[in-house]
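For reference, the chains in residue letters:
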Amino acid sequence: MLAKTPPMGWNSWNTFGEKINEQTIMEMADFMVDKGFLKAGYEYLVIDDCWSEKQRDKKGNLVADHEKFPNGMKYVADYVHAKGLKFGIYSCCGPLTCAGYPGSFGHEFQDAKFFAEIGVDFLKYDNCYHPSASNKLGYNRMAMALKASGREILFSACNWGNEKVWEWARSRGIHMYRSTGDIFDSFESICRLSESQKPNLGYSGTGCFNDIDMLVVGMKGKGNVGIESGCTDAQYRYHFAMWCMFMSPLMIGCDLRTISDETHALLTNKELIAINQDEEARPPIFVRDNRGQHDNTICFRHLANGEYAIAFFNPSDKDKHIMLPYYEIGLDPLCGYGFKIRDCFTGKNLGVHKEFFDVKVAAGDCRVFRAQLVKAK
Ligand code: GLA
């Protein structure tokens, strides 16, 4: 089964945009393996828009850009596979992609076959220039074309949340659906996109996940979606932890060749990834929500094996003391149980906390914990 848990990988768009080529992609494959990203779970290397020639060939097939990919796309796919990674590519449900390259409208079965032949494992399918107001049919058609292609290909629909995609993506054979417009490397963008999906996470789960967009962690203002200096390390922590708590796919967008130690440690944080990849794939409860009367968010998730995740997010510009009284998650103070708590960032065991758990959370930062419910004296 594909997408049992949220897909993880790296995508070329956030950093490189149209400036992609064989050498850069192959170097990224090397870094994904050598720097431990594959081991951490990031298995898909995805080439986004701008990889093809502007014209199809005489038979109507897509052709890789001769200058960017002089040895063709199968050569790149073979290299990626030889590294133990999976290979992803991009197309669009309109006649043109968002950047004006040929899209798959009217060529769905032909393109799916081409993708299968070169060894594609993942297709990101964009939403530009499709001919009618509704595009549910276009996505359903490509889902079927991929199934008919003879290869198992994960279907990543990028329709930006149009027509309440969370309500119909699962029934159209889609494995992950972009629910938002494009992310930018700013805290404002991170908060705006993630806030917008809080009401929709109940639809997300095994086989079909809500994709809040690719990560900007570590971009620091560089690249294709950069904004001035980007975000602070604390804000990137907030971003990554939120994507993990929300079960969003984790598609890295920064240049892996130049990342800092902090970025590397964050993107490969085992505890956070384990929450994102929890096999039960249950969406979070919002105990507190900064969209209402509060200026912070407390997020609680049921995990496999009787464990729980608790996360505190402070988007404000002031340090905060935040308390979770357990009656807010339905536990009576006299019930005789407390939470045995471990900090997911420091790995420290914090012992058993009864009746409530309170933490300090710095401005624009978060704290994330894994908890077990235990009898407490
Ligand atoms: C759209 C998508 C982006 C990216 C670009 C490529 O804007 O939302 O993620 O794929 O197209 O042109």
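Just above sits the structure.
What you see is a predicted model, and the numbers here were worked out from it, not measured in a lab.

1. Here's the deal with the sheet that holds strand β3 (residues 86-92)
Here comes step 1: Taking strand neighbours across the sheet as the criterion, the eight strands line up as β7-β6-β5-β4-β3-β2-β1-β8 in an open arrangement whose pairing is parallel. The open sheet terminates on both sides in strands that have one partner only, identified here as β7 (209-211) and β8 (250-252). Averaged over all pairs of adjacent strands, the angle between strand axes in this sheet comes to 25°, irrespective of strand direction.
Here comes step 2: Note: strand β1 (residues 8-11) against strand β2 (residues 44-46), three bridges, orientation parallel.

2. Structural notes on the side chain of Asp365
Here comes step 1: The residue Asp365 is located in strand β16 (residues 365-375) in this model.
Here comes step 2: Relative accessible area serves as the criterion here: at 9%, Asp365 is assigned to the buried category.
Here comes step 3: Apart from the residues within four sequence positions on either side, Asp365 is in contact with Ala234, Arg237, Tyr238, Phe312, Phe313 and Asn314.

3. Points about the state of the cysteines
Here comes step 1: All chains considered together, the criterion is met by one disulfide.
Here comes step 2: In this model Cys98 forms its disulfide with Cys128; the gap between the sulfur atoms is 2.2 Å. In this structure the cystine formed by Cys98 and Cys128 twists about its S-S bond by roughly 100°; its chirality is therefore right-handed. Of this pair, Cys98 sits in the loop between β3 and α5 (108-118) while Cys128 sits in the loop between β4 (122-126) and α6 (136-148), placing them 30 residues apart in sequence.
Here comes step 3: The partly exposed category is assigned to Cys98, whose relative accessible area is 29%.
Here comes step 4: Look at Cys128 and you get buried, because its relative accessible area is 15%.
Here comes step 5: Free of any disulfide, Cys299 has its nearest neighbouring cysteine sulfur in Cys366, separated by 11 Å.
Here comes step 6: Judged by relative accessible area, Cys299 falls into the buried class, the value being 0%.

Conventions and cut-offs
- Residues numbered from 1 in each chain as written.
- Predicted model: local features only at pLDDT ≥ 70, side-chain atom pairs only at ≥ 80, totals over all residues.
- Heavy atoms only, no water.
- Pairing = 2+ DSSP bridges.
- Helix = DSSP H or I, 4+ residues; strand = E, 2+ residues; numbered from the N terminus.
- Axes fitted to C-alpha atoms, helices over the stretch in contact; angles between N-to-C directions.
- Buried < 20%, exposed > 50% of the residue type's maximum accessible area, 1.4 Å probe, protein only.
- Contact = heavy atoms within 4.5 Å.
- Disulfide = S-S within 2.5 Å.

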